Structures are given as structure tokens and as C-alpha cells.
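Observations on the three-dimensional arrangement
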Amino acid sequence: MSQSIKEQLSALLDGELPIEEEELLFRQLEKNQEYRAILGRYTLLTELIQGSPADPAVLSVSERIRAALTELAPHSERRMPTNSWSTAVKGLVGAGIAASVAILALISMNTIERDSTPVPAIAELQTVSDSYTVPAVEPGNRMVITPARLTSYLVSHGEFFNAPSRLTVDSHMVSKMPGTPADQHIEASQDD
Amino acid sequence: MTDWQRWLGAILVAWNGIAAAADGPQDWLNRMASATQLVSYQGTLLHTCAGVVDVVQIVHRIENGRATARVTSHAVAGREIIRNPDEVMCVLPEQKSIVVETLQGGSQREDSPMNKMPGFSNVDTAIYKLAMLQPDRIAGHDTEVIAVRPVDEYRYGYRLWLDRNKAVALKFELISEAGEMLEQILFTDIEYSDHIPAADVSPSIPMDTFTRQHSTVSVEPPVQRDQSPQGLMRWRATELPAGFNLTVRRSKTVPGSLDPMEQLVYSDGLGSVSVFIEAGVDEDELAEGLSRFAGTNAFTTTMEDHLITAVGYVPVRTVKMIALSVRPLRESP
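Remember, it's a predicted structure, so these values are computed and weren't measured experimentally.

1. Quick word on the overall build of chain A
- Across its full length, chain A holds nine helices and zero strands.
- When the helices and strands of chain A are placed in sequence order, the string is α-α-α-α-α-α-α-α-α.
- The buried share of chain A, reckoned over its 192 residues, is 54%.
- Long-range contacts, defined as pairs at least 24 residues apart, comprise 64% of the intrachain contacts of chain A with a sequence gap of at least 6.
- When the accessible surface of chain A is totalled, it reaches about 8,100 Å², and 51% of it is carbon and sulfur.

See below:
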């Protein structure tokens, strides 16, 4: 992956990418699953660096940090500032990230985490497994009823979502309409 | 400009600053609710779920107090959802089909005493706790950040980044009962305009050859075919999480189907669950279990040859509790 693409993805999340470059990047995103996965991880990092520390109610920060960092280059010595998403990601983009960075971020976040989630020891953090997956990630969409029926229900229920939720659900529907080829993750389940 | 005018201007600026600083989270959420009906805009947003990002275009147009929104996929040209107060349209170009749902008497629904649409204005603080977080900057705009945290595990939490000038949500996160982000939308660019053409909220591709599946939704209580002399049979959830109440009961007729589908909407004022009750469903579709579509959960069960499904942007335990408690109850005539 080129450095330029990563920088563009970072700028996109910051709202700093020029409009004329956005369209080109979006086309690349649609074609390239790897780019989309990277963008997804950057989004997670946004949560860790900005969202979660500001909102102490969010749990499992330490685990999600490890997961997000696992997918980025793990051998850099660069330190990551904890108060700037843009700077942090650009730093990661440029040179990867060191285990010490993870520790720094974790310590910083743990000071305001109110839950009792145990924080991994430093030694544990330095041996992050490459096979670690993001705990927050669900296996995907799954269906007991037919996709067509679920689509019908979502359309009917749509007006009863609060406005931002409606926009979120509609965005997901047009991207992964149940029953269309874009919905890649249907999994049968008989019970929860 | 005279000195007097300069002083007055300075005082007004200072006063506005003090007033804005004094605004609490509910004030901002009320502003956002108003902006939904007042502010036109278009932009690009990223939808993130389970680490996967999709790009979506949104046009939100206000005309005479009526909001119409078109959400368009960036990946599939022409795949879009268009909503206005009277109609919802899903355009599916790969299937060359359009799914249209007309809301009969849509404009009157606002008058119904049952009908309190879920929203962020006047959040019930016995159920959700509100907090202001650190201000942030999204898509070149300063934002106020609000956290909405439920007091129990029967509903989701939210975080909203509201444009300080327009009160439009530029970033929105759905937070699970475990405190993890389930879904996020994030504007990468947004343009406010009072002059968005009507064509920009119309279908973006020609649909002459598309098949049209049209259903009509009515707010009148459905008449059950098995109505007995003892009274009208109505379905009802008998167990609900605290704060949830029945807000809407309506029926949906689909061409070719003898039995209208009944929809009961339960809401705590912010979150909502629809219970769909269908008769005449093929036997092989009568199943029990969970369906999940990102943050939306649906739990399906059967009773007396009816398919009962509770659907909502709520945790699994909530849709499961409600679906399994649905019973046919007879009301006196």
C-alpha cells in the first residue's frame, strides 16, 4: 500500500481531504477491500484516541487498542501524542507504531476509565498476537427470516428510528442491502 | 460605526458566548431535533460497522417544512433510499425493482395522541443520562459532543457530534450495552444550502423498466378476520423494558396478500421497537431466532400460525423479551 493512500485516508477522516481528491479515493475504496479495512481500523483508532477517553462509559478500550495496533506496523520507535487523532494517525502512517506507544496510550486512557475491566500488564502488551481480532466486531449480519422480509420490516420501521439512527440504518441498507450481493455476511442462527 | 454601536456589538457577542457556554446537552439535542426540520444540506459520509467502511451520499432537503432525504450508495450506482413524510422508496438497480411504501394519512399522523415519534428532544432523564464531552472538529466544522447513556442494558447509547452553528449531527455513534461502538456515521464533507433542487432528492437513475412493489400502510387498527363476538382480537406485548410504551398501531397491506401485516411500535421516547405480526406465512418461514443487521436486531417467534418479529435498534435482549411476550388479547367491543 502506498504512503499516499494512507495519508489520504487519514486526511479523509479529518475532513481535510480536498473534494477533488475525495471522489478518486472513494472509487479506490469501493474497489479495494484492504483500503476499506485500513480505514475501518483508523476509525477505531479515532475512537481510542479521541472518543473513548472523552467518554468514560466506553469499555474494553485496552483490548480494542491492541487489536487496532496489531494491524499496523508494530516496530516503530515513534511516540504517539494522545490528544490528536490527525497527528497520531499520520505518525502511524509514516512509520508504524511501537509497543511503547500502546503502553503510553493505554496508561493515558486508563486514568479516566471508570469500569473495572482489568488492564493487561505491560509485558502482555508487548507480545501482541498477530491473530488477535477486534472484540467489538460482530460476525456480521445474520438472518432467521428471509432478507426480503427483513428489508420490508426495516423500511416500515424506518420512520420510528430517531433521526441520526435512521440515517445510520439507511446508510447501512444502501451499502449492504439484505439479499443483495453486497451483503456478504449472512449467517444462519436458530437462537441467540 | 459609533462607539455606542461598537459597545453594543461587543456586549451582544459576549452575551451569545455566555449563552452558548451555558447550554446543556439537552439544549443541543433539542436544537438538533429542530435542525432536522429546518436545515437543508448535502454531503458525503462514511458508514462504519464491524471495521468495514462504506461511502454514502446524503441529500437532505427542506421545502415548506417537509423534509425529504435521499441516501445513495457510492458502490452501486442508483441504489438509494428516499424518504419523505408520506412515502419511503427503495431503489434496487441490481434487481431492477423499486420497493415503495406509502404512508396513508401521513400528514395526519402527527395529530394522533398515540403518536410520539422517537427523537432526541426532551430525553427522559430517568432512562438516559446526558453529558457534554470535549468539543471536537469534524469535516472542517466545530462541534459540540453529547453522550447519551442508558441506565440499563435494554437500550443502546449514543454519541453525537453537533455542528456548533447548524446543530446538524456531523458524526454519530451507536454504543452497545457493553460500551462498544457498533456503528458510526461520519461526514467527510457537508454543504449547507437553502436551494437544493427537487431533482436532487429524486431517483438518480431512470426506472422505466423497473418493477414496482407497492404497499400501503394505514394507521387504522386492522380488523382481524377471526374477530369473535367476545370482542376484537388485538396483539400486544405483555412484557416491556421500563419506559417503553405502545406509541403506534397500524397495518400494512401488500398486493396479493389477503392478510394485512400488523405493526405495533413501542418506544421509550428515543429508542423504538416494531413488532410485526403476519398471518398466512409459508410454513417453512415459521422459525424462531435472531436476525442481525449491524446494530439492528430482530427476534422472530411464532404463535397461533402467526409470524411475530420484534425489530429495533436495541440490544438482543430487548427484542427477544418483547417478541416472546406478544399475545393475542381480546378487547371488549
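2. Comments concerning the nonpolar core
- Counting residues in hydrophobic clusters, the biggest one holds 81 residues, and the most contacted among them are A:Leu29, B:Leu46, B:Phe120, B:Val148, B:Tyr158 and B:Leu160.
- Residues contacting A:Leu29, with those up to four places away along its chain left out, are A:Leu9, A:Leu12, A:Tyr35, A:Arg36, A:Leu39 and B:Val55.
- Residues B:Leu290, B:Val316, B:Val319 and B:Ala323 belong to the second largest nonpolar core, which totals 19 residues.

3. Here's the deal with the pattern of salt bridges
- The tally for this structure, following the rule as stated, stands at 20 salt bridges over all chains.
- One salt bridge in this structure joins B:Arg250 and B:Glu101, with 3.9 Å as the shortest N-O distance. Residue B:Arg250 is found in strand 14 (residues 245–253), and its partner B:Glu101 is found in strand 6 (residues 97–103); the two are separated by 149 residues along the sequence.
- The buried category is assigned to B:Arg250, whose relative accessible area is 1%.
- Since its relative accessible area comes to 1%, B:Glu101 is described here as buried.
- Across the salt bridge formed by B:Arg155 and B:Asp268, the nearest N and O atoms sit 3.0 Å from each other. Taken as a pair, B:Arg155 in the loop between strand 8 (141–150) and strand 9 (157–163) and B:Asp268 in the loop between strand 15 (261–267) and strand 16 (272–278) lie far apart in primary sequence, 113 residues in all.
- Each of A:Glu159, B:Glu101, B:Arg250 and B:Lys252 takes part in salt bridges that share partners, so that together they form one network.

Definitions and limits used
- Residues numbered from 1 in each chain as written.
- Chains lettered and ligands numbered in written order.
- Predicted model: local features only at pLDDT ≥ 70, side-chain atom pairs only at ≥ 80, totals over all residues.
- Heavy atoms only, no water.
- Helix = DSSP H or I, 4+ residues; strand = E, 2+ residues; numbered from the N terminus.
- Buried < 20%, exposed > 50% of the residue type's maximum accessible area, 1.4 Å probe, protein only.
- Contact = heavy atoms within 4.5 Å.
- Areas by Shrake-Rupley, 256 points an atom, 1.4 Å probe, with all protein chains shown as cover.
- Core = buried A, V, L, I, M, F, W, Y, C linked by side-chain atoms within 4.5 Å.
- Salt bridge = Lys/Arg side-chain N within 4 Å of Asp/Glu carboxyl O.

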